[in-house]
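Overview (structure and organization)
One-letter residues, chain by chain:
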Amino acid sequence: MKKVPILKKGCSKFWYFTVVFLLWFLLLYFFFNSGSKLDKKDDFLLKHHYDNFVDTDESSFGGVNRNSNEETGHVASDSIMDMDTKATGNPVDNFFTGGDWDKYLREASNAGKESKHENQIHLTENEARSINKVFGEGNREESGNARSTARENQVKKPFDHSLPREARRRRVKKPAREKRVKKQVDHSLPREEKVIEEVIEQPNKEDQIRRQTNSDSHPESCVGRYIYIHNLPSRFNGDLVRHCQSLNEWSNMCPYLSNFGFGPQLKNSERTLSNTGWYDTNQFMLEIIFHHKMKQYKCLTNDSSLASAIFVPYYSGLDVARYLWNADKKMKDYYSRHLVKWLRESPEWKRLWGSDHFMVAGRITWDFRRLTNNNNDWGNQLMILPESRNMTVLTIESSPWNNNDFAVPYPTYFHPSSDNEVFQWQNRMRRLKRQFLFSFAGGPRPDLPDSIRTDIIEQCQAAREKCLLLECITGSSNCYEPVNLMKMFQSSTFCLQPPGDSYTRRSTFDSILAGCIPVFFHPGSSYAQYLWHFPRDYTKYSVFIPANKIKDEKVSIERTLSRIPIQRVWAMREEVIKLIPGMVYADPSYGLETLKDAFDLTIDGVLERVEKIKMDIKAGKNFSEDIEEYTWKKILFGTEGKHEWDHFFDRSKMIMY
């Protein structure tokens, strides 16, 4: 019987290929499905880590908030605050050391055991630079939509989580300037005080190491410039900052202490400012700003015997402000007297009895020169204590009759982080078209009979379109809005700077920052003050109209300014614009390279003065009260003879305009 095949030859081949195809399909399906599950698990862990990491303020590393999307500083979350105490404070180091990252590494390692080694993706050099830029400069403020968007993209960009920790550390370069160790804080403190705890920390072991590193890395340039910082008990500085809510009876000062004391970042919605470096800086924050700048000074030393000068980081202005008005006035002198007692007992003091010591008092000198023992009188006695008279004291307004305090610029709103930021701003001020001849921002002083402010306001109103007036009256915040002030100064050729409650004004420095030529009415407002920062020839950068001529002789401000030749106006404006670098306190994290800011000029002045004192001591020369009486005159003109400005400095009258 003939056999009949069940399947024909062609059909047999069809089923053979069908079975093979199905087997390959099933293999590929299970392979890719299992791989995608692993990838999804890894992506979930990476996303979970990034969400946690980014939600904690990236810019809070090192204790300073620089988030460009926030107007005020916010508190780092507990996940960052509870990091391993071995963290260095450097964002890159913290990212690979301790805390949530170690936990994530363990989870990612377990999840990746099933993946194949040959499928690992290596971190490229560009990715390493990207990570370094995001986390290494996390506390640097960035403004503008483009920069903010780029920064967001960099944060969210995934990188190789499968690399060993050691390999990643080798590939990611550390920032040039490492951030400081985060100080552990008491979590029972209010939210704002936690931020402040990180803003100012006391010198610790890392500070000591950094000081030695700084001095060792500049052995030649630091000869004769070494500075030692006293490690004061925290009650003289850090504790004042931690309890920032008690620094002022009427307002909360805590936000102004953020960003190295620069305060909240300013928005540039009206394009009056530049995109970076602008903050709502309180005029009394110099002690905080200067201390941070000192910590980054390149010639710090841990060996006080090598130091040419010794810095005392006492926040005297923050201290006395608590008791100037209706608080416990018996406490006015408590901390200042305990400070000098502490200094007397230090070995550094006994070397020259404080002649090589210097400190910053971030208010006007009259807040520290109470001549009576009556606590109800204004101020404390810090600057008239015998120990303080041996030191060099830096204030925002000095006494014309005393030789131990020296005026330095008020903090302005601009704190650049590079020379280029300064150059760009200067060029912008040169190009501005100024539609007003002069302007004035301020209020009258009806309680001061000798004040010329009312006369100035009347003359400005009479000048109409030639004068721009921003009158500061009770209940109005116009004069406290930085953008309003800068816009006014930028539109004016001359800016009037009459005395107020004291001789000097912060407005002087804000107007110079805007390229506006200052007009002074009292030599104590500038000429006898900022001797390390302004030219001795005051006619180069300012106009002087004696106050008595305004009040008694009715001199017209408009007519006086209109008669100045245009060529001279241009020359004066250029001189003012050249002064801008020396009027600002640059960002201490970066600083300026070829330019000297207000801090640099101040340090030069301090070191020069301390060196002169040492030479005088060797020569057996001492200062006397008689010399102090004519300090302003001797410094300005090198003489104690009669001068046409004598009536301005009649000490018996103590006139405040």
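What counts, and where the lines are drawn
Starting from 1, residues in each chain are numbered consecutively following that chain's sequence as written. In keeping with the model being predicted, local features are shown solely for residues with a pLDDT of at least 70 and side-chain atom pairs are shown and tallied solely at 80 or more, while totals for entire chains, interfaces and linings include all residues. The side-chain figures draw on all heavy atoms in the structure; neither hydrogens nor water molecules are used. When the sulfur atoms of two cysteines come within 2.5 Å, that pair is taken as a disulfide. Only DSSP runs of H or I covering at least 4 residues are called helices, and only runs of E covering at least 2 are called strands; the numbering of each starts at the N terminus. For every residue, the accessible area (1.4 Å probe, protein chains only) is compared with the maximum for its type, and the residue is labelled buried under 20%, exposed over 50%, or partly exposed between those bounds. Here, two residues are considered to be in contact whenever any of their heavy atoms come within 4.5 Å of each other. Paired strands are those between which DSSP finds at least two bridges. Helix axes are fitted to C-alpha atoms over the stretch in contact, other axes to C-alpha atoms as well, and angles between N-to-C directions run from 0 to 180 degrees.

**A short note on the state of the cysteines**
- Within the structure shown, the criterion is met by five disulfides.
- A sulfur-sulfur separation of 2.0 Å characterises the disulfide bridge that pairs Cys222 with Cys299. One quick way to see it: the torsion about the S-S bond of Cys222 and Cys299 is about -80°, and its sign makes the bridge left-handed. Of the two residues, Cys222 is situated in the loop between α9 (205-217) and β1 (227-229) and Cys299 in the loop between α11 (286-295) and β2 (309-312); the sequence distance between them amounts to 77 residues.
- The class of Cys299 is buried, set by a relative accessible area of 0%.
- A sulfur-sulfur separation of 1.9 Å characterises the disulfide bridge that pairs Cys244 with Cys254. In this structure, the disulfide formed by Cys244 and Cys254 twists by about 95° around the S-S bond and is classed as right-handed. Remark: Cys254 occurs in the loop between α10 (238-242) and α11 and Cys244 occurs in the loop between α10 and α11; sequence separation between them is 10 residues.
- Judged by relative accessible area, which is 0%, Cys244 ranks as buried.
- Sequence-ordered numbering of the bonded cysteines in the protein yields a pairing of 1-4, 2-3, 5-6, 7-8, 9-10.

**What about the environment of Ile512?**
- Summarising the element assignment, Ile512 is placed in helix α19 (residues 507-513).
- Accessibility expressed as a relative area gives 0% for Ile512, which makes it buried.
- Here the alpha-carbon distance between Ile512 and Met583, two residues 71 residues apart in the chain, equals 8.1 Å.
- The contact partners of Ile512, leaving out residues within four places of it in the chain, are Pro518, Phe534, Val576, Leu579, Ile580 and Met583.

**Describing the side chain of Thr493**
- With respect to the helices and strands, Thr493 occurs in strand β8 (residues 492-497).
- Setting aside its immediate chain neighbours within four residues, Thr493 contacts Arg434, Phe436, Leu437, Cys516, Ile517, Val569 and Arg573.

**Thoughts on the sheet that holds strand β6 (residues 436-442)**
- If you walk across this open sheet you meet the five strands as β7-β6-β8-β9-β10, and the pairing is parallel. Each of the sheet's edge strands pairs with one partner strand only, and the pair in question is β7 (467-471) and β10 (543-544).
- Judged from the five bridges that link them, β6 and β7 form a sheet pairing that is parallel. Bridge pairing in β7 links Gly442 to Glu471.
- In the packing of helix α18 (residues 482-490) onto the sheet, contacts are made with β6, β7 and β8, and the angle to β6 comes to roughly 155°.
- Relative to strand β9 (residues 517-520), helix α22 (residues 566-583) is tilted by about 100°, and along the sheet it contacts β8, β9 and β10.

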